[in-house]
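# Structural features, examined
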Amino acid sequence: MADAAKRLPTKKSLKVGLVLDDGLDKPGGVQEYILAIGEWLRHEGHDVHYLVGETKRQDISGVHSLARNVRVRFNGNSLSIPLPTSRRKLSDFLKAENFDILHVQIPYSPFMGQRVVLAASKHTAVIGTFHILPYGRLPVLGNKALGVWLKPSLRRFDQIFSVSQAAADFACTSFGITSVILPNVIDYQRFHNAKPMPGMDDAGPTILFLGRLVPRKGCQLLLEALVRVVQDKQAPAFRVLICGSGPLEAKLRQFVERNGLQDIVEFVGFVTEADKPRFYASADIAVFPSSSGESFGIVLLEAMASGKAAVLAGDNPGYRSVMSPQPNLLFDPKDASVLAEKMVRYLRNSRLRQDMSRWGETYAKGFDVNVVGLRLLDVYYKALLKRHHL
């Protein structure tokens, strides 16, 4: 165990509360983060609880719904935010549970997250992870206003992380937070050991898109690039899987039919978390054309961990932070011709695809929860040690 843990011999295990204002009903990057961290901590022998705004899920133990939530649109996503929660209720809850660590996902609401932080015992270490990178003028201005509102609770944190340099820069400019980079995590083995979906491991390369069918995720750009790709007579026969659902689906289907792509493009629909690794394992090329609003690139690493897919990614700040060792895998997410050129190159050259998939397979190991989790746990112990010496 880390040095800090050795100086806390009585702390054989920690009681950790992972705090998220949103719920756990809809999949999302932050939800995946806390569930991965929580599962790993439990495997290491710690007592893990999820302190969320509101959720209906009953398949996860240790979940506490602390508010009533309403759904809103933010940063191109749908999420839920809590209505004001009773300070007395939160204080009584925290006293009864007596957490060693509260690990709060930032940004959070003044109506729940902030009240949880301010009600924490002085002996409870409070750790934060900053996740977002907004795009658009209104979300940026809204976050700056939120940063002012959250100042009383931000002073209570013992350590704050950001999942990428892009997120850290925004945390500094909008919230006045100085943070350390600790990347998002993946369960490497879950993706690496996955088998292809039935009938999808036959001959011929497969191009995969996996994401919400909303403008910023860039599926439209991928289809526009495919119009150019099919004109290349030297490219082998291939197919395209569009995995995801969203408001653009009807428009995208019309584009496919209008441009004669229906024989190669298949709309799979929404993909569950259980099936996601198997779709990555079915791909030879995974394309993520997101243009903005990404604080990290967890989907890139999940695809890489499969060891099967060469990954191409839109050049936005979050994806750029993940792909910095291989910037040639990035493309302008507003230029379909550039993406078409890259896909043609990978379709023609199976050796290049294999080289890039092997690189990604090795690179993704550094983001495994077993690697990042140990660093996080060491910070937990150091912060707790400091708290008990106050």
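Up top you'll find the structure we're talking about.
Small disclaimer: the values here were computed from a predicted structure and weren't measured.

### Describing the overall build of the protein
Within the protein, the secondary structure is distributed over 16 helices and 15 strands. For 390 residues, the compact-globule estimate of 2.2 N^0.38 gives 21 Å, and the C-alpha radius of gyration of the protein, at 22 Å, lies within 12% of that figure. If you line up the protein on its principal axes, its C-alpha atoms span 70 × 40 × 35 Å. Evaluated residue by residue, the protein yields a buried proportion of 56% over its 390 residues. Pairs at least 24 apart in sequence give 74% of the contacts found in the protein among residues at least 6 apart. Counting every atom, the protein has about 17,300 Å² of accessible surface; 52% of that belongs to carbon and sulfur. One finds the centroid of the 50 positive side-chain charges in the protein at a distance of 7 Å from the centroid of its 37 negative side-chain charges.

### A word on the nonpolar core
As a rule of thumb, nonpolar side chains are buried together in soluble globular proteins. Counting 101 residues, the largest nonpolar core has Leu226, Ile242, Val265, Phe288, Leu300 and Met343 as the members making the most contacts within it. The biggest single contributor to this core is helix 9 (residues 219–229), with eight residues. Aside from chain neighbours lying at most four places away, what touches Val265 is Leu223, Leu226, Val240, Ile242 and Val256.

### Considering the sheet that holds strand 14 (residues 310–314)
Through backbone hydrogen bonds, the strands of a sheet pair up, either in parallel or in antiparallel fashion. If you walk across this open sheet you meet the six strands as 12-11-10-13-14-15, and the pairing is parallel. Among the strands making up the open sheet, the edge pair consists of strand 12 (265–269) and strand 15 (330–331). Of the strand pairs in this sheet, strand 13 (residues 285–288) and strand 14 are connected by four bridges, and their pairing is parallel. Bridged to Phe288 within strand 14 is Ala313.

### Considerations on the environment of His103
Tracing the sequence through the fold places His103 in strand 6 (residues 101–106). Sequence separation between His103 and Arg190 is 87 residues; the distance between their C-alpha atoms is 24 Å. Leaving out residues up to four positions away in the same chain, His103 has contacts with Gly17, Leu18, Val19, Tyr33, Ile127, Gly128, Thr129, Leu376 and Tyr380. A distance of 2.6 Å separates a polar atom in the side chain of His103 from a polar atom in the side chain of Tyr380.

### Observations regarding the packing of aromatic side chains
Here the structure, examined in full by the defined rule, presents 10 aromatic pairs. A ring pair is formed by Phe191 and Tyr280, whose centres lie 6.0 Å apart and whose planes are at 45°; its orientation type is tilted. On the criterion of sequence distance, the pair formed by Phe191 in helix 8 (residues 188–192) and Tyr280 in helix 11 (residues 276–281) is long-range, its members being 89 residues apart. Relative accessible area serves as the criterion here: at 1%, Phe191 is assigned to the buried category. Taken together through their ring pairs, the aromatic side chains of Phe296, Trp359, Tyr363 and Phe367 make up a single cluster.

### Focus: the pairing of strand 14
Both faces of the sheet carry side chains from a regular strand, because those side chains alternate between them. Across the five residues that make up strand 14, a large majority, five, are buried. Following the backbone out of strand 13, through helix 12 (residues 298–305) and into the adjacent parallel strand 14, one traces a crossover that is right-handed. The β-α-β motif built from strand 14, the intervening helix 13 (residues 317–322) and the parallel element strand 15 has right-handed crossover chirality.

### Description of the sheet that holds strand 7 (residues 125–130)
Ordered in space as 3-2-1-6-7-8-9, the seven strands form an open sheet in which the pairing is parallel. Edge strands, defined here as strands with exactly one partner in the open sheet, are strand 3 (63–65) and strand 9 (180–181). Two strands pair when backbone bridges link them, and strand 8 (residues 159–162) and strand 9 are joined in this way by two bridges, in the parallel orientation. Of the residues in strand 9, the one forming a bridge with Phe161 is Val180. Its contacts with the sheet place helix 7 (residues 165–175) against strand 6, strand 7, strand 8 and strand 9, and it is angled at close to 110° to strand 7.

### Remarks on the layout of surface pockets
Leftover empty space is mapped by rolling, across the atoms, a probe with the size of a water molecule. What the second largest pocket holds in volume is close to 630 Å³. Together, 27 residues line the second largest pocket, and Glu32, Leu35, Ala36, Glu39 and Arg190 are the ones closest to its centre. Looking at the lining of the second largest pocket, the element that brings in the most residues is helix 2 (residues 29–43), giving 10 residues. Tallied by class, residues from the lining of the second largest pocket come to 12 nonpolar, five polar and 10 charged.

### Examining the state of the cysteines
Scanning the entire structure with this criterion turns up zero disulfides. With no disulfide of its own, Cys243 has Cys219 as its nearest cysteine by sulfur position, at a separation of 9.9 Å.

### Re the environment of Val338
Here Val338 is to be found in helix 14 (residues 336–348). Separated by 113 residues in the primary sequence, Val338 and Ala225 have C-alpha atoms spaced 8.1 Å apart. Here Val338 is in contact with Phe331 and Asp332, once residues within four sequence places are set aside.

About the criteria used
- Residues numbered from 1 in each chain as written.
- Predicted model: local features only at pLDDT ≥ 70, side-chain atom pairs only at ≥ 80, totals over all residues.
- Heavy atoms only, no water.
- Helix = DSSP H or I, 4+ residues; strand = E, 2+ residues; numbered from the N terminus.
- Rg over C-alpha atoms; globule rule 2.2 N^0.38 Å.
- Buried < 20%, exposed > 50% of the residue type's maximum accessible area, 1.4 Å probe, protein only.
- Contact = heavy atoms within 4.5 Å.
- Areas by Shrake-Rupley, 256 points an atom, 1.4 Å probe, with all protein chains shown as cover.
- Lys, Arg positive; Asp, Glu negative; His and termini not counted.
- Charge placed at Lys NZ, Arg CZ, Asp CG, Glu CD.
- Core = buried A, V, L, I, M, F, W, Y, C linked by side-chain atoms within 4.5 Å.
- Pairing = 2+ DSSP bridges.
- Polar contact = N/O pair within 3.5 Å; in protein donor to acceptor, adjacent residues only side chain to side chain.
- Phe/Tyr/Trp six-rings, centres within 6.5 Å; stacked < 30°, edge-to-face > 60°.
- Right-handed = clockwise from strand over helix to strand, strands pointing away.
- Axes fitted to C-alpha atoms, helices over the stretch in contact; angles between N-to-C directions.
- 1 Å grid on protein atoms, 1.4 Å probe; cavity = no way out; pocket = protein on both sides within 12 Å on 5 of 7 lines; lining within 4 Å.
- Points joined across faces, edges and corners; volume = space filled by probe spheres on them.
- Nonpolar A, V, L, I, M, F, W, Y, C, P; charged D, E, K, R; others polar.
- Disulfide = S-S within 2.5 Å.

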